[in-house]
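Residues per chain, in single letters:
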Amino acid sequence: MLNRISLRQMEYFVATAKHGSIASASAQIHISPPSISAAIAHIETELGTQLFVRHPSKGLALTTVGTQVMQECEDLLERASRLYEIASDSSDTLRGVLRVGCFQSLAAMIAPEVIFGFSRAFDTVELHMAEGNQQDLIQKLHTLEIDIALTYDLQLGEEIGFETLARLPPHVLVSELHPLAQQLAVTLEELAPQPMVLLDLPMSKEYFTSLYSKAGVEPNIVARSRSEDVVRSMVANGIGYALFNVRPKSTQSLDGKRLVRLRLVGEQRPMLLGLATYKPMKPSRLTQAFMQRCRAYISDQYIPGMSAASFFDPHLSNRTESKKS
């Protein structure tokens, strides 16, 4: 009697096929390479066929039979995941595994209330969150590593669906001692010669630099970082100004120094914050419930962890009042 192939072994095989190597699959699904190798070897022995051609310089490539087996495995895994939906539909109870991606600079503000608040509301839901930049999240949607992502409308591609929840126009962040800190608003032309600290994330940096290109000027970038907190600290320490779309409620950097947020003059393209999904996959009932929560919690009027769009910096009016007195 033949041994049966488990769903877990199929998951390991599909992950390896999608990532092109056992090492890459191991890093993505957090399973040891020997376990993945053993799962693939078991499937090949069970089916009596070779699934991969192993190229020393290029990694693993599916054989013709391997491609067919992968398609069937993906279909079986999708059918298996439907079992939770069927049970939920019959009992009106949300249950199952929800994998949510979140743009890394949004996670600290949005994740506690919106994402993890969802799992607290439905204790039968097992929630996993993956943080990353836009490139990471789009890739994870394509490889079905996440079900949905809270992110921006940057270079999504034809297979990614996007529902806008809120608009985040760009603004300027400076230290309280910056020469422009006392202005109510600044232009890109005024900013261009000033030292700039760039949030250097894939696709995000192209968005920020495109604002200058449209205005016909070039920014004077003197420092850059992939961390929003590092950029904020550099700004607070006078290294340069920065452009941001997110609006943390705190007016201090992590080292306790003061930051000032200023309006950016002109009609600048905002970042659109919303829900990204993989079009070929119909959202599950669980995913749809999470989407509904996001619609209720995120809008132009309110975004968890962020100050209102109309709020900039009260220190200006306070200093004006102190001068009058």
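Owing to the predicted nature of the structure, the values given are computational and were not obtained by experimental measurement.

Novice: How would you explain the environment of Arg247 if you had to name every residue and give the values?
Specialist: Looking at the secondary structure, you find Arg247 in the loop between strand 11 (242-244) and strand 12 (259-264). Here the alpha-carbon distance between Arg247 and Gln182, two residues 65 residues apart in the chain, equals 19 Å. Contact partners of Arg247, with chain neighbours within four places excluded, come to Met109, Arg167, Leu168, Pro169, His171, Arg261, Ile303, Gly305, Met306, Ser307, Ala308 and Ala309.

Novice: I'd like a rundown of the packing of helix 1 (residues 7-19) against helix 3 (residues 33-47), residues and numbers included.
Specialist: Between helix 1 and helix 3, the least distance of the axes is 9 Å, while the angle of their chain directions is 105 degrees. Accordingly, the angle class assigned to the pair helix 1 and helix 3 is roughly perpendicular. Every residue of helix 3 that contacts helix 1 at Gln9, Met10, Tyr12, Phe13 and Thr16 is listed here: Ser35, Ile36, Ala39, Ile40, His42 and Ile43. Residues belonging to the contact of helix 1 with helix 3 are distributed by class as follows: seven nonpolar, four polar and no charged.

Novice: Tell me about the sheet that holds strand 5 (residues 148-152), and please be specific about residues and values.
Specialist: Sheet strands line up and pair through hydrogen bonds in the backbone, either parallel or antiparallel. One open sheet holds the five strands; their spatial order is 4-3-5-13-6, and the pairing between them is mixed. Pairing within the sheet leaves two strands with one partner each, and these edge strands are strand 4 (125-132) and strand 6 (160-168). Averaged over neighbouring strand pairs, the angle between their axes works out to 20 degrees when direction is ignored. Both strand 3 (residues 96-103) and strand 4 contribute to a ladder of eight bridges, which runs parallel. By the bridge assignment for strand 4, Gly96 is matched with Val125.

Novice: Describe helix 8 (residues 204-215), naming the residues involved and giving the relevant values.
Specialist: Along an α-helix, residues three or four positions apart point the same way, because every turn accommodates 3.6 residues. Given a rise of 1.5 Å per residue, twelve residues ought to cover 16 Å, and the 18 Å separating the end C-alpha atoms of helix 8 matches this to within 8%. In this structure, the buried side of helix 8 is in contact with strand 3, helix 7 (188-191), strand 9 (195-199), strand 11 and strand 13 (271-278). One or two steps after helix 8, the chain reaches Gly216, where phi turns positive at roughly 80 degrees.

How each quantity is defined
Residues numbered from 1 in each chain as written. Predicted model: local features only at pLDDT ≥ 70, side-chain atom pairs only at ≥ 80, totals over all residues. Heavy atoms only, no water. Helix = DSSP H or I, 4+ residues; strand = E, 2+ residues; numbered from the N terminus. Contact = heavy atoms within 4.5 Å. Axes fitted to C-alpha atoms, helices over the stretch in contact; angles between N-to-C directions. Parallel < 35°, antiparallel > 145°, perpendicular 65-115°, else oblique. Nonpolar A, V, L, I, M, F, W, Y, C, P; charged D, E, K, R; others polar. Pairing = 2+ DSSP bridges. Expected span 1.5 Å × (residues − 1).

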